[in-house]
Amino acid sequence: MAIIERPAPVGAPALPAPVTPTRTYGALRRPVATTGWKSWVFTVDHKKLGIMYGAVAMFFFIVGGIEAVLIRLQLAAPDNKVLTADVYNQMFTMHATTMVFLFVMPMAAAFANYFVPLQIGARDVAFPRINAFGFWTLVGGGIIVNLSWFLGGAADGGWFMYAPNSGPVFSPSNGVDFWALGLQITGIASLTGAVNLIVTVLNMRAPGMSLMKMPVFTWLQLVVQFLLLFAIPVITVALFLLSFQRSFGATFFDVSAGADPLLWQHLFWIFGHPEVYILVLPSFGIISEVLPVFSKKPLFGYPFVVFSGAAIGFVGWGVWAHHMFASGLGPVSVAVFSIATMAIAVPTGVKIINWTMTIWGGKLNFTAAMHFAIGLVVLFTIGGLSGVTHAVAPSDTQQTDTYYIVAHFHYVLFGGAIFGLFAGFYYWWPKVFGKQLNERLGKANFWLMVIGMNLTFGPMHMIGLQGQPRRMYIWTEARAGEGLFNLGFWNRVASIGSLILTVGVLLFLINVWKTARSKQVAPLDPWDARTLEWMTTSPPKEHNFDAIPTVRHLDEFFHRKYAQDSVTHEIKQVSTAEDIVRDQEANADKHIHMPSPSYWPIILASGLPVIALGVIYAIPVAIVGAVIVVLALFGWSLEPSTAPETDFDPPASEDGTKELAPLG
Amino acid sequence: MSKWYSVPTSKTARRLVAAAAGLAGVAFLSGCASNAPQDTWQPKGPNAEKIDDLQRPVFAIAGIVGVIVFAAIGYAVFKYRDRGQPIPEQSHGKPVLEISMTVLPAIILAAIGVFTFQTIFDLAKTDDTEMVINVTGQQWWWEYDYPVQEQYGITDPIITSGQLVIPAGTKVLLRETSRDVIHSYWIPALNGKRDAVPGRVHTLRLEADEPGIYAGQCTEFCGLSHAAMRMEAVALDRDDFAAWVKGQLSLAASPADGTLAKEGEAVFLNQCIRCHQVNGLKRADGSPAIAAPEDNVWSGAAPNLTHLMSRNTFAGASWDLLTKGCRKDVWGSPSQEFGEKYLAGVTEDCLNQNDLRRWLRNAPAMKAMYADPTKLEKSGGKYRGMPNLGLSEDDIDKLVAYLATLK
């Protein structure tokens, strides 16, 4: 069944007789609400799901941010007492877990969900119900991971959760159980999302869009989805081993039973290193869209950016042990992984060069999005160069597990991943909400974040190289050195920086709030963009495009707006976004099939946290959860893709504003 | 119209920002602490020097590359801002430039790689070892076990903790393992770190050029009190080391009858002996007093206290047995005087009674530990760390007097 928000064509030719089942197979009738909370909770629309992914991720960004500020408050003075050792250990574990799994990954998923179908000229993803299921699974996993705060303490083993410190003896609260099971659930979200987006990108591109005409953001998201597809199963295995060890007395990491604790490290980092690229490549994709738009130039060396992205995707699998240079792997392994890690710097460097060359010779317009994009290039370069210094394994044995590493990965993940996401917010906000974020506030937001970020993480380079290890709930004057610029001074600077950073993020939230209240509507094409997602209304209609465009160029939209004069070689505007969209509306496709909302994704997803709670507290509860999952699977399978109108809840309206076309 | 959140746009304002950024850069470079005890840039032995020699050029190259990239971005940002110029040519790149820009960093990295390879294998060598010490990590302290090595006068195994004492100018090989979770042994002035993993033995080369004391810290997160698991390496010249060995091989003598220390010995035999060994200690009936930490502590070990006052820290090297002034005197002494001062140990005047008493009064309040009897279900009732012994002030006086005799 299809719902499209388009007046039914008057006097349309008679439709072929719909083939509909004569009875309802599903246990529940399909929801069709298009307004109110039901239209969100039961939606399968990739755009609504994208917005919900974004909202949930933003909530967890705030949670993770509060955790970060508490950490910095504790470290603002020697032997400080803001947090106890126990709470501090939970805090840094949950800060990393939240930022990685519940902010950056879902936020990247939000962008992927919303913009990949639009960028490839599709009407939705390949499996819309699975898409909804993925989102609700993420919510369930996020709740389980954080519920531990209220039930005896959160996980306290660090986000890397090294065995045997993660075992029941060394971490006797239920925190690690919640952590392992919660991440297991969010892993399901990532895995289903990955399959969905891969199928979508490979099968649902608009006519004419060959892979090498695909926008770079979609390309890098495709690479990320493949990384997820292969990386998530590894962490799934590791988390299962951990859960069985903790809940059912298994001995996978029990040394006295003959286990080798390094097993966990290998499993974790075989997942964990590709994970780094999973976090950062979506942002690379975002700025690879933003830089060309605001430079009025195509991305420099498109195939190089695409293939270096793919190369990172491959080589990323061969560098995991650089997290283990001090673990005692032996010189041969260390040497091999050291060289492999240097090798991955090459495709990463290629990207920096391409971004620089993109703005080189351009016509630069410094919007807030452009600020964040250039900020990413600069800050990520710092993180990349410090990365090279610890690719050199002997030098890494001095640096690993010190604040130098903390500095490095915050330049890569905050300066890289998060700045890219913010570039995306400012760039795509008018597309998603039809209103532009305030540019002046946006630039203030940018500068406060840049200053705060550099004050917070810049000094950590020195603190680390001068010997302050990470994950210590206190530091002491005795090891802080002498002089004005001792480690204590820089620890205080870092703490002050974190507060500036907080104000920067608050400005963003204020900006969102102000924009939501503003009545000013954004122009159709505010940035003079280049790609398909801008070739429709803002926000896009439920079916995205009235007519699926045929693609002839990379940067199709730009090529429809501009043409090069064959004599003067001058590039001139020949059409506007309004013209193009009007033309689409006039030639709209008939019989647009859109997937219907469904109750089953959220019901199925709700069974998983119940199982998790059951594993932790009482197996019968887990059985209840399993029953929910099995029944939901049946309901889901039996829900027909086409159904009689009586199968809808409420039945179709008949005022003519909605057309229910039972054709697929 | 400039609002409070507006960005400086005038030329002077922009210059001010640039000047501030420049100043920040200078402050950054000159902003290092002097004499940070764990500074990775001040090697004090050949292994750390090897790393230093390797990493200095790498940092320099990284810095140069960074400056070039930032200059290019800065130039582009300044030069190509939209001043109404025509829309640039829609060129998709220049393959020759692309390929050369790919090959160039690859060549630089390959060169770095060659030296990295060499250093990795140099630092993994074990065949030139002159002395072996077994190092065992547990929550949250290090135990050192010197196997018999006659050439250094070690005729019986020596077991100690907190401070690793080594002869200067000697190639020492640590054989590391752990009794519970993963720890990491790191004395930045002497070498990089190496994890101590339960069930495995990892080696780490250590050598100090000069006598002195070199600070370190456990650098693999090892649970609750990871922050309070420190260590120090103490290098002594050959003669001083021989004297230290001789001292460590001696047995503890019982204090004279009627002294406060003698009463302290009784308290020790009543409480501390459950976990802490003092070699030579005898019960009232003359039988040797043997500690049984494996019955009470999860890792199965507690620091051997026979020569507590020969080391100048306690509780995972997190607190000083020396008062502030005395500590400064030892740590700050030039290397030719260092041995003598270190071997003097903790004298009556120098004993940091304050922290030691605080520790005896309630250890878990000073250093977070799993010592709450209600929370030991999963470890079968065994502590991880030292519990609150509930000693009376009287007992503490006596114990301090006894501990002060353990030279």
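Summarised in this report is the structure supplied together with it. Numbering of residues begins from 1 in every chain and follows the order in which that chain's sequence is written. To read the labels, note that chains go from A and ligands from 1, taken in the order they are written. Totals for whole chains, interfaces and linings use all residues, but because this is a predicted model, local features are given only for residues with pLDDT of at least 70 and pairs of side-chain atoms are given and counted only at 80 or more. Side-chain numbers here rest on the full set of heavy atoms in the structure, without hydrogens or water.

## Digging into the packing of aromatic side chains
All names here are of chain A. In plain terms, the rule: Working definition: a ring pair exists when centres of Phe, Tyr or Trp rings (six-membered ring for Trp) sit within 6.5 Å. Plane angles under 30 degrees give stacked, over 60 give edge-to-face, the rest tilted. Runs of H or I in DSSP of at least four residues are treated as helices and runs of E of at least two as strands, each being numbered from the N terminus. Exposed residues in this analysis have more than 50% of their type's maximum accessible area, buried residues have under 20%, and partly exposed residues fall in between, with area computed by a 1.4 Å probe over protein chains only.
Under the defined criterion, the tally for this structure stands at 69 aromatic pairs over all chains. With 6.3 Å between their ring centres and 25° between their planes, phenylalanine 111 and phenylalanine 115 make a pair best called stacked. Taken together, the residues span about one helical turn, with phenylalanine 111 and phenylalanine 115 both in helix H3 (residues 85-119) at a distance of 4 residues. The exposure classification of phenylalanine 111 matches that of phenylalanine 115, with both residues buried.

## Observations regarding the pattern of salt bridges
Here is the rule: By definition, a salt bridge exists where a carboxyl oxygen of Asp or Glu is found within 4 Å of a side-chain nitrogen of Lys or Arg.
As enumerated under the stated definition, the model contains 31 salt bridges over all chains in all. Where A:Asp579 meets A:Arg582, a salt bridge forms, and the shortest distance between an N and an O atom there is 3.5 Å. With a gap of 3 residues between them, A:Asp579 and A:Arg582 both fall in helix H16 (residues 577-586), about one helical turn apart. Classification of A:Asp579 as partly exposed rests on a relative accessible area of 32%. Judged by its relative accessible area of 51%, A:Arg582 is exposed. Ionic pairing is found between B:Asp52 and B:Arg56, a salt bridge with its closest N-O pair at 2.7 Å. Note that B:Asp52 and B:Arg56 are positioned in helix H2 (residues 46-79) at a spacing of 4 residues, about one turn of the helix. Note on B:Asp52: relative accessible area 7%, which makes it buried. Sharing partners across several salt bridges, the network here consists of A:Lys296, A:Asp525, A:Asp528 and A:Lys561.

## Quick word on the interface of chain B and chain A
Interface size is commonly expressed as the accessible surface area that is lost when the partners come together. For clarity, the threshold we go by: It only takes one pair of heavy atoms within 4.5 Å for two residues to be counted as in contact. Accessible-area loss on putting two parts together, using a 1.4 Å probe and summing over both, is the definition of buried area adopted here. In protein, a polar contact requires one atom able to donate a hydrogen and another able to accept it; more generally it is a pair of N or O atoms within 3.5 Å, and residues adjacent in sequence count only if both atoms are side-chain atoms. When residues are grouped by polarity, Ala, Val, Leu, Ile, Met, Phe, Trp, Tyr, Cys and Pro land in nonpolar, Asp, Glu, Lys and Arg in charged, and all others, Gly among them, in polar.
Taken residue by residue, the interface counts 106 residues in chain B and 113 residues in chain A. Carbon and sulfur atoms make up 68% of the surface buried where chain B meets chain A, a total of about 9,100 Å² over both sides. Counting across the interface, chain B meets chain A through 3 salt bridges. Its salt-bridge partner being B:Arg200, residue A:Asp260 comes within 2.5 Å of it at the nearest N-O pair. Put simply, chain B and chain A have 33 residue pairs in polar contact (both at pLDDT 80 or more) between them. At 17 residues, the largest contribution of residues to the side of chain B that touches chain A is made by helix H3 (residues 95-124) of chain B. The residue inventory of the side of chain B that touches chain A, partitioned by class, reads 57 nonpolar, 31 polar and 18 charged.

## Here's the deal with a nonpolar patch on the surface
All names here are of chain A. Our working definition: Patch criteria: residues need more than 30% relative accessible area and no salt bridge. Like-charged residues are merged within 9 Å; nonpolar side chains of Val, Leu, Ile, Met, Phe, Trp and Tyr are merged within 5 Å. Calculation of accessible area relied on Shrake-Rupley with a 1.4 Å probe; when residues are assessed, cover is drawn exclusively from the protein chains displayed.
Taken together, the side chains of Phe240, Phe244, Phe248, Phe252, Ile619, Ile623, Val627 and Leu631 make up a nonpolar region of the molecular surface, amounting to roughly 760 Å² of accessible area. When residues of the nonpolar patch are traced back to their parent elements, those giving at least two are helix H6 (216-248) and helix H18 (619-638). Among the elements that take part in the nonpolar patch, H18 stands out by supplying 4 residues, more than any other. Structurally, leucine 631 can be placed in helix H18.

## Concerning the state of the cysteines
All names here are of chain B. Threshold: In this description, the term disulfide denotes a pair of cysteine sulfurs within 2.5 Å.
Here the structure, examined in full by the defined rule, presents 1 disulfide over all chains. A disulfide-free cysteine, cysteine 218 has its sulfur positioned 3.9 Å from the sulfur of cysteine 222, the nearest such atom. Residue cysteine 218 is classed as buried on the basis of its relative accessible area, which comes to 0%. With no disulfide partner, cysteine 275 has as its closest neighbouring cysteine sulfur the one in cysteine 272, 9.1 Å distant.

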